[in-house]
Amino acid sequence: DKFSAYMKSREHVLSNAGRSYEVSLGKQLTGYRLSADKSALHFAWVSFNVTYPSQNSVEQANGWYTRWENFRKKHVPTVGGYQTARLYNFMVTQNEMMKAATSGALLSLVIAFLVLVL
């Protein structure tokens, strides 16, 4: 079929361009599993090859997450699922650090106010 021919052509082009890692990663990071009797799709995963900056601010990391989450919801709204990337590991930490810093500063101001008033 046409899609199989396209995939073979793509593999050939990538390998000739010195990017055979794209072929092997594509096979590893995109796929599906059928039920035992092969009558239903049990599980599927799709990978996208994207490049993020190696260092991001909280706003930048949240922006990347939001951008890809909107993409996912637009193109596969009924599938569910979630996205993962190494970028998001530290993004969660950054978000929690911002919450802790904000609440710590506000709590300090409240305590300082109470000390001054009482």
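Examining the overall build of the chain
Link 1 in the chain: Looking only at helices and strands, the chain features 4 helices and 2 strands.
Link 2 in the chain: Its C-alpha atoms give the chain a radius of gyration of 23 Å, more than 25% over the compact-globule value 13 Å for 118 residues.
Link 3 in the chain: Seen through its C-alpha atoms, the chain measures out along the principal axes to roughly 80 × 40 × 25 Å.
Link 4 in the chain: For the chain, the computed accessible surface area is about 10,000 Å², with 62% contributed by carbon and sulfur atoms.
Link 5 in the chain: Each charge sign in the chain was given a centre, from 13 positive and 7 negative side chains, and these centres are 4 Å apart.

Looking at helix α1 (residues 2-16)
Link 1 in the chain: The end-to-end C-alpha distance of α1, which contains 15 residues, comes to 21 Å, matching closely the 21 Å that a straight helix rising 1.5 Å per residue would cover.
Link 2 in the chain: Its side-chain oxygen at 3.0 Å from the backbone nitrogen of Phe3, Asp1 defines the N-terminal cap of α1.

Description of the pairing of strand β2 (residues 41-45)
Link 1 in the chain: Bridge count for strand β1 (residues 31-34) against β2 is 4 bridges, and the pairing is antiparallel. Along β2, the bridge assignment pairs Gly31 with Trp45.
Link 2 in the chain: If you look at the hairpin formed by β1 and β2, you'll find 6 residues sitting between the two strands, and Lys38 has a positive phi there, around 60°.

Criteria and thresholds
- Residues numbered from 1 in each chain as written.
- Predicted model: local features only at pLDDT ≥ 70, side-chain atom pairs only at ≥ 80, totals over all residues.
- Heavy atoms only, no water.
- Helix = DSSP H or I, 4+ residues; strand = E, 2+ residues; numbered from the N terminus.
- Rg over C-alpha atoms; globule rule 2.2 N^0.38 Å.
- Areas by Shrake-Rupley, 256 points an atom, 1.4 Å probe, with all protein chains shown as cover.
- Lys, Arg positive; Asp, Glu negative; His and termini not counted.
- Charge placed at Lys NZ, Arg CZ, Asp CG, Glu CD.
- Expected span 1.5 Å × (residues − 1).
- Polar contact = N/O pair within 3.5 Å; in protein donor to acceptor, adjacent residues only side chain to side chain.
- Pairing = 2+ DSSP bridges.

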